[in-house]
Structures are given as C-alpha cells and as structure tokens.
Amino acid sequence: MIRPRTAVAGATAFRPTVAEAIAGLVLVLLLVAALWPNLLAPGDPLAVSHTDAFRPPSLTHLFGTDESGRDIYTRVVHGASESLRIGVLATAIGIGLAIVLGFVAGLGPRWLDFGTTRFVEVLFAFPGLLLALLFIVVTGPGVLSSTIAVGLATAPGYARIIRSQVRRTAAAEFVEAARVLGRGRLWIITRHILPNVTAALFVLATLGLGQAVIWVSSLSYLGLGAVPPAAEWGAMLAAGRTYIANFWWMTFFPGLAIVASAAAATVVGRGIQKRNRSAA
Amino acid sequence: MSGPVLEVSDLVVEFSGRRVVDGVSFRVAAGECVAIVGESGSGKSVTARSIVGLAGDGARVSAAELTVAGQPVLSLTGRRLRRLRGGTVGLIAQDALVSLDPLRPIGREIGDTLALHTGLDAAARRARTIELLERVGLPDAELRSRQRPGELSGGQRQRALIASGIAGAPQLLVADEPTTALDQPVQAGVLRLLGQLRDEGTALLLISHDLSVVRGIADRVLVMTDGAVVEEGTPAEVFEQPKHEYTRKLVDAVPAGRPRGTRLSPASLPRSAPPPSVADPTAGDPTAGVERRSSRGMAADKAIRPTFGEVLLEASGMRRTFYVGGREIVAADDVSFSLRAGRTLGLVGESGSGKSTTARLLLGLERPDAGEVTLLGEPWSPLPEARRRPRRPFVGAVFQDALSSFDPRWTVGAILADAVTRGRSTRPGPVRAEVTALLDTVGLDHALAARRPLHLSGGQRQRVSIARALAADPRVLILDEPVSALDVSVQAQVLDLLDELQRDRDLAYLLITHDLGVALHMSDDIAVLREGRVVELGPATTASVTSQPSASRPGCR
Amino acid sequence: MTLPVPTTGVRRSPAPGNRRWLLLRAGGVLFVLWAAATITFFALRLVPGDPAEAILGGPGSQAGPEALEQVRREYGLDQPLVVQYLTYLGRLVTGDLGQSYSLHKPVATAIGEQLGATLALALCSLALAWALACALAAWSVRGGRVAWAIGSGLELVAAAVPHFWLATVLILFFSNTLGILPPVSVPGPLGIVLPALTMAIPLAGFLGQVMRESLLTAMESPFVTTARARGESEARIFWRHTLRHAAIPAVGLSGWAFGSLISGAVVVESVFARQGLGRSLLSAVQLRDVTLVTGIVLVVALAYTVMTLVTDLADRAIDPRARAVTE
C-alpha cells in the first residue's frame, strides 16, 4: 500500500521544521548567554540601584527590575551559565551512572544483569524528587549537593533505557551476522553496540537536560540549591515569590527562561531522535 | 441477477500528482472470480481499495465509471458510502492478526458488521455470528467467537476475517492478498472457502501477487504493472500463452516446475568480471594455517579447494529443545544431513517446523543438545567459540531480512570493506578494488557503495548480503529464506545469481524455504522438516517429494 | 534470522501463567520494599557526625547530653550495627517509623495526618491530567494539520513547565487578574482547584505526547481499514478501536505519573501553603528531621510500588497481549 505520510517525511527528513529551527535558535542564544553573557547583556547582574526598584518592564529594563533595582533581563542572561552548568552537570552525572549500570546489565552475564536490574528497580521505588531529597538530607543543602541529587535521581530511568537499548542492539540480526563472519565479542561491542547505543544516548542527554534544568531550579526554589542573590533562575524565582501579588515580572521572566530552555531541549532532542530512527 | 456487480472503467488514482493507477477498466459479474495479479507497486491494492473508497490518505480517485450493484461509488458520501462498505462490498485484507482488532474478540468484530448492516437484535446477532463462523469452517464456533485474533492460528484468524467480511451478505467480495501470510495447506483451505462463496453467487475480486493462487480459482485474470492492466484473459490464456512481454517475464520467473539450472530472469547481467581475490595475502593472519588463500584457480589452491560432491558440512543426530513458559518445545530432533560441494540441499517446512533453528545450529550460533556438526571432517559444533572463529570464513550466511542484518549506521562500502578485511577496517578506500569486484560479482552498480542499505531496493539488499557472504570466500552458504521477501521477478534474478555463483565456485548450499517451488527449482536434494524432524530426505526428482501438495508459492511481495 | 520462536503447536494458556506472574510480582514488591528500607537505614547512618545528633536535627540542634543519651538508648545506637539494623526492620514491620523531633510526635502519626490531603490532591490531578490529555489528543489527532500543530505545541510547553512557575502564573491569572479563585489553599473544594491544575497540566503534557504517538499508530493500523471497510463511522472507529489502543501505553505510564505527582506535591503544596505529605517532607528536609524524611520516603515508596503493580494489572486487563508475554 502507498503511505503518503511516510513518503513525504522521507523527502524532507533532514530539513528542520519551524519548531525545530526556533528551538535551535533558543539553544544557541542560551549557549551564548552562558558563555559570553556580556554580548547579550553588558550590565552588571548584581548592580544595586535603590531608586530603580520594582520598575515594570520597559525599554530601559526589558524584564523590569527587582526589589534592589537590579535589572532582571541582565540577571536572567547572566543566570544562564549557572543554571545550564548545573543542568548539564546533573545530566552528566545521571547518564554517567546510568551508562555504567546499563552496560553492566546489558552486556554482563545473567546473574549480573539480574542483580543490577533489581538494584535499579529499588532506586525506582523512590520517585524522582524523593531520592534527591533523601540525598540532600544526608549531605545538607547547597548547589553541589542539589546537582548531584538530581543526577542520582535521574540515573535509574536512564539506566533502564540504556540497558534495553544495549540488549536490543546485542540481539539485533546484524550482530548475529557479524558473529557468522567470525567477529569476536569485543569487536562486536566496540564496532556495533557502542556506536548504535551512543546515538540514542545523545538524544537521551538532550531530552534529559531540559528536565534537569527544571528539577535543579525546583530545588533552588525550595531553598535547597542555589540561594539568592545568586542569579540562578530558580533562586531568582524564589526571591520574587514574596512580591508576586504586585510585581509579577520578577517571577514571570526567570520562569519563562526555564520553560524556553526545557522546551527547546525537548524539541531538538525529539528532532534528532526522529532522524536517527528514519536513518536507522 | 443481470449485469455486472462491479463495473470499473478508466480508473485513475493519484497521490500528490503521482499516478499510481492509470486507466484501469474491468467488470466482475455475480458468481465470477476476477483476479488482479502484479508485483508490489503495480497499483493492484490501490485499485481494490478504491472500490470501497479507501484508496488512502491524500488519494485523488477519478473514473469514467465506478459502480457497485448500480451505485456510483465516487459520488457516495457519508452514511450511504458506509452502507455500501460491508453491506454491498466486503473487504478481506491480508493478515488477520493485524486486520482484526487485536484487543477485541472476533465475535464482537463480526457482530459489529451485523449491527451495521442488519436489523438483528443482540441475541440474533450472537446466533448469526456463530452461524457465520461455522459457515467459514471454524469448529467450536461458540468458543472461538470469544477469542481474540492472537489466540487463534493463522488459518482460523483468516477464516474469522472472512466471516466478518461476508456478515453483511455483500454482493461483491474484495479479497486483498487473503492467503499471503499462511502456510500452503492452510492457504489451500482458505482458497477453497473463497471458491465456495463464489459458487454461491458472490462476485469475487481477488488481488494477489501469487500466480499459483490465482490459477486455481480465477475465472479471469488481469495482469497489472505500473498502474496499468497489460493483459487480460482466462488463466489458461494468460499463463500458457502470455502475449505481453511483462506477463511472459512474470510467468517465466516462477520457479515452480522449472528444472534445475534453467534461468528464470531474462537478460544476464553484465558480469564478466572474474571472481575477486578477496583476502589480503600480505596482512599477517594469526590463523593462516587454516584459511590462508591465494587467488583462486591456481594449482596451489587445489589442496583446500573441495572437489565436486565432497562432503563439507555434516549434521548428525542434531537435537535442540527450548523451554518456553515451562513447556518443552523440540525445535530440532535427530536432524541429519550433509552438504556437498557444488550441490544444494533444500530444506522445506511450514512455519515453526524448526527450519531456522537448524540454520542456527549449522552456523554455530546455537549449540545442539545432542548430536554434532562437522565441518570438512573436523568438529564444528562442539568447539568453543574462540576456536570456531578462525574457521568461520568457511561458512557464510544469507538472511531472510537483509536490511536488519546490516548495521544501520554503515554504508554498503563499509559493510563490504569490513567483510573483506575481516573486521580490521570499515573504510572502503584501501580495499576499493576488492569491494568493486564484489559488487561486480553480484551485479550491482559501483556507485551503490556510498549508499546505506535502507535506501536500496529489496533485491539490491539481498545482493549486498550475498556479496558480504562471499567476501570471506566461503565453501558453504546457509541461505535462510533468501528470496521470500522479494517480488517474483526480483526473486528470479537472485535465484539465478545464486545458481551461477554455485557453478563458478562449487559452493555447497543449504537453501531454507517455505516455498516448495523455489526448493525444487534450486535443489539437488530436498529435506522436509516437520516439528523438528526430517520426515523426508531424497533427491529433488523423486516422486515422493514432488507429489506433495504442489501449491507452491512464488513470493513476489 | 529471527529468534527461534518455536511456536510448534503452542497454545497460549493465560490462566496458570497469571497466578505465577502475580506471585512473582508480589515477591518483587516485597523485595523492593525491603531494599528501600535498607537504603533508608543506611542513609540515616551516612549523615556525618553523631547519628543521635542527626536524629535530633544535626549539629546545629544543640541537643542536651541527656536528650542525646535518650535517643541512643531508644534507637539502640550503642548496639552493633547489625542489631540496630534488625531492630529497625522489626520496628518497620510493626508500623513504628520512629519519633519526629521537630513535630514531637511519632512519624507514623504525623504521616497519617497528612496522607489524606496529598492523596486527594494526587488523585484529583491524575484524573484531571487524564481528562486533559485525552481531550487534547483526541481533538488534535482528528482536527487536521492546524489542530495537530497546536496540540503538539501545547503538550510540549505543558511538559516543560516547572510546577512552581506554573503555580505562580495560575495564581496571577485566576486570583490576581480574575479574582475567582483563592491564591493559597483554603479548606473546601475550591482550594484544591489551583493546586490540582498546577500538577495536572505538566502531567497532561507528558501523557498527551504518549497518547498522540500511539493514537497515530493505531489509526494507521490495518484493523482500522477493516473497520472502515465494514462501514463503521469515523467516530465509532475512534471510540471503539483506536482510543483503547492509544490508552495502553498511557495506562502503563500512570504508575510513573503517580510518582511524579508525589514529587510535584512537594513543590505545589509549599507554593500554595497547602497541608500535606509533600510540605511536611520539605520542612523535614529543611529542618534535617532525618526520621521524618526517611519515614515519609518509605511510605511513598510503598505507595508507589503498589501503584506500579496495580498499573501492570490494569495493563494486563486491557491488553490480552501483555498476558501472553509472561516475563
């Protein structure tokens, strides 16, 4: 049967959609903000000016000012590096742990797979934030511990995905074909399984980054991560909380930055995933 | 009833400007079976589905006339079109496992048709459902009606699907590849049922790729290619004296009943290139003692080159059982045979008869519980994998689904370079000559080396798969359903290629297939496998094997 | 070559497999609970410094020596670790989760007081999320290209919204601008609307994305063609066939969804100053009330594990194919 949808998708597979183009742009802007914040906002994020306190958004203060007269736009831009660094670090910790667990379970002997899988299952019994909170209560709050906490909390989910990906690749027919050709186990792992799983890992990391940013900022908001006056987005939101009834812009714009980065990461991740799948 | 039930004239179907069906005309009378045959992409399925207004998303359908029982289909909309579907025309699709809702009992599916097209109340519908299931030859209809498609066998499912198709007592039945997913004896039963319905006065439009299916049941045959009907007539006319060139090619491509060695595809491919010298003799090979080869045809090579008829791979008393859900399943039971240089052993059997397990045992991917496989007179199956590996180049494999036997990330060039260099490199550059020679051998364009298998046609993929198997210069090839996913004309080309290669190189083949026609055409000997046991083994020409139900299946999907 | 699926004469018999499956799963649940308890026990010992001090709120608590001594005796901290561990497990079995220093009452009592509010919130949110996701997916799948784009865009943004920010925006809109709903939680049904909506929207985004994918797959399945060829209307096909197929993966996600709702409750309850387990947990973390934290975490783990089991059961009830694959 003719399936027009797939035919069309095949023809335009590598041209980004409008949403993907926008998402890509957002990510580039975020990267610029994180690496060279002064290009986008030359001001000082900590410059206090009491005469300018609580200004609503205007041309001079795009996102308005906060209770100490600090420019919120400048703070959001400068906060990108902190928020993203934490997000990236948390994702890296989560995926790093998951790679170890996933590969051990996916490639190891049966008993090792059994043990590792049970271990991951137990970690799974603590839904998301709870594992992070359990970790924080042991280590005490702070930027570093909240980052590690989020990494730890996301690891079981990734580990499960990686394990099944490894298993699926190891059971693939082309692996069998390689065995028939006389290739050894190590060769098959390095030439077939690793490259095929890595592609999926990259997608996982992109998708996970968005979630990690949300989680870490949630912890900051709850006062367990970065603390004001640091220009971290979650901390900024927490600081603006007191004034929410009258000065909405103090919470709205940092939140928008979080939503935009999480959504952009998701769109880009999905896009790569779709192309991987159609190329595979 | 007077006049045709279905009248189609100058039917045109377009998908975004591309003509898939181009001016097709035919008619089907009550009690008549008209068959449309063609290969994939010929437009036969779209033609069939246009009759019930289901050509597909984005299809533009036009016709000078398209009437079913006097109703113009194209001008029907909404409720009246739905009344036609199921009530006047019944559609029976290919695989009932997916064509019936897997989550609902089959009785409910049939009951739905009754609810839509008859005025029966719930109790009467239930009774009628049982009647219908009995009519299509399902025993225990009461029980079956409460089961879901996944709980039934392939033949039972297909019968249930037919029951749901005829529940609305349609005047016309459109059967789109109704037997393709079935084993041959089951297929015959389903065809008998369709024939019976035809004899009772239903007009039947049968769509199939399978000439032998059509031959048994059709009153008239239409041959379609590229969206147009190229030939029309009775089965005898079309198959015995084909007039159109395409029909002739199609009929010639059917392997059933063609003696071993006759070509199935018309023009030979330009393959004058000599067989490639694949191994790199300068590369230090730790296992040189066993498998070092120089270029072929030299006198020194004779030492390890097998003589015609010599036993290369021998299975004796192989047994393998699996445990599934606490149940023991014997996939191979006392299987013994030998593969000889230059000869083909055809291994036939229905699905689940243990064919694939046998292949895996021979390839050393699975270890037999009992019995042994020997390669060139030395042990093969009992060896640990590390000691088997140096000898693996002697035994190559071609898989049914070529696409999934390639790493999706690799290009054709990388696949062949890897095979040529024995896994030392996937860069085709340094071994370009060998890769090119391999592509020549299997009749592929050199430019294909840069492509990924995903972007090749089914026949091209299978050729790449054969090239990969040849790269290591094997003595034995295990061919697991190598052509069952291919159109009949492409199948013919691949079979011819395999035949030629065997003659050039004195290869021993194990040809696994469910298609007796293919097996008889290709094999010197035939083994019939049933429930893991070899129930027959003998020369392909002996009467006992050939007298099996000869409903062979030249697959050409 | 596909895996040797030796189907020679095998008829799937769901009945005996079912009981075995259930036993295996129940055993799995017990194992997970035991392991979770073990992890929390060691988490307690991992807090740096004197464990007795940790139980009383860490080094900053300035607990008197006699208070410390009492805790040591009560928890058997002077005993060997193995004895402590076994005592701990023994207490858990009898439902004794220890004493909360910050609330001055048994942890089990404290949890009992808060559990109802959080469960009510979580269940409201789950129902709301399901309704939103179904409506959005159904509308956008059947409504053509524009509806498709809008639907998937909405889901994407919804899934990317952090709870605390969404809460802020909803409060701004419904309380400050429209003035129809209270900004903080008040007793009665009105007070639950905003918190439940806050938790439901991101979840609906996730569920909607999953449902849309599977709806699309189901709509392209051959059995839909069969249903059309039988003369079924599009609406009937949607409600009778495709929706059920689309619900399967989303039902499978409900266990996970429940877990994410509990996580969300930590944030949402504190934003809306709403009573509940999440808020207690947060204040326990802030006050470093280790016994309370581990107690709550364990109870949630229990609820979550049971919930997952229930989801699996539901999955098997809807999808007979899940029963066939017993592993």
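Residues numbered from 1 in each chain as written. Chains lettered and ligands numbered in written order. Predicted model: local features only at pLDDT ≥ 70, side-chain atom pairs only at ≥ 80, totals over all residues.

Helix and strand counts for chain A stand at eleven helices and zero strands. Secondary structure elements in chain A, listed N-terminal to C-terminal, are α-α-α-α-α-α-α-α-α-α-α. When its C-alpha atoms are laid out on the principal axes, chain A stretches across 80 × 50 × 30 Å. Burial statistics for chain A: of 280 residues in total, 51% are counted as buried. Residue pairs in contact within chain A that sit at least 24 positions apart in sequence constitute 65% of those at least 6 positions apart. (Helix = DSSP H or I, 4+ residues; strand = E, 2+ residues; numbered from the N terminus. Buried ≥ 20, exposed ≤ 12 C-beta atoms within 10 Å, placed from the backbone. Contact = placed C-beta atoms within 7 Å.)

Before going further, it helps to examine the sheet that holds strand S10 (residues 220-225) of chain B. All names here are of chain B. Pairing is mixed in the open sheet, where six strands are placed in the order S7-S8-S9-S3-S10-S11. Each edge of the open sheet is held by one strand with a lone partner, namely strand S7 (89-92) and strand S11 (228-233). Each strand axis lies, on average, 20° off the axis of its neighbour in the sheet, ignoring direction. The pairing of strand S3 (residues 33-37) with S10 spans four bridges and is classified as parallel. The residue bridging Val37 from the neighbouring strand is Val223, located in S10. (Pairing = 2+ DSSP bridges. Axes fitted to C-alpha atoms, helices over the stretch in contact; angles between N-to-C directions.)

The next thing to look at is the interface of chain B and chain A. Taken residue by residue, the interface counts 25 residues in chain B and 21 residues in chain A. A class-by-class count of the residues in the side of chain B that touches chain A yields twelve nonpolar, seven polar and six charged. (Nonpolar A, V, L, I, M, F, W, Y, C, P; charged D, E, K, R; others polar.)

This part is about the sheet that holds strand S19 (residues 508-513) of chain B. All names here are of chain B. Taken in spatial order, the six strands line up as S17-S18-S19-S14-S20-S21 in an open sheet, and their pairing is mixed. On the outer flanks of this sheet lie strand S17 (395-398) and strand S21 (533-539), each paired with one strand and no other. The mean angle between the axes of side-by-side strands here comes to 15°, regardless of whether they run parallel or antiparallel. Of the pairings in the sheet, the one linking strand S14 (residues 344-348) to S19 comprises five bridges and is parallel in character. Note on S19: the bridge partner recorded for Leu345 is Leu510. Each of S14, strand S18 (476-480), S19 and strand S20 (525-530) is contacted by helix H13 (residues 355-362), which is oriented at about 155° to S18, the strand it contacts most.

The subject of this paragraph is the environment of B:His244. If you trace the backbone, B:His244 turns up in the loop between helix H10 (235-240) and helix H11 (245-253). A residue is classified by how many C-beta atoms lie within 10 Å of it, and B:His244, with 15 of them, is partly exposed.

The interface is formed by 36 residues belonging to chain A together with 41 residues belonging to chain C. At eight residues, the largest contribution of residues to the side of chain A that touches chain C is made by helix H11 (residues 249-279) of chain A. Along the lines of polarity and charge, the residues of the side of chain A that touches chain C split into 24 nonpolar, eight polar and four charged.

Next up on the list: the confidence of the model for chain A. Should the pLDDT be low somewhere, the predicted coordinates at that spot are not to be read in detail. Mean pLDDT for chain A: 82, with 94% of residues reaching 70 or above. Least confident of the elements in chain A is helix H1 (residues 4-11) of chain A, whose mean pLDDT is 38; most confident is helix H8 (residues 173-180) of chain A, at 90. (pLDDT = per-residue confidence, 0-100.)

What follows covers the environment of B:Arg263. Residue and element names in this part refer to chain B. Turning to its location among the elements, Arg263 is positioned in the loop between H11 and helix H12 (288-291). C-beta crowding within 10 Å serves as the criterion here: with 16 such atoms nearby, Arg263 is assigned to the partly exposed category. Note: C-alpha distance between Arg263 and Ala253 (ten residues apart in sequence) is 8.4 Å.

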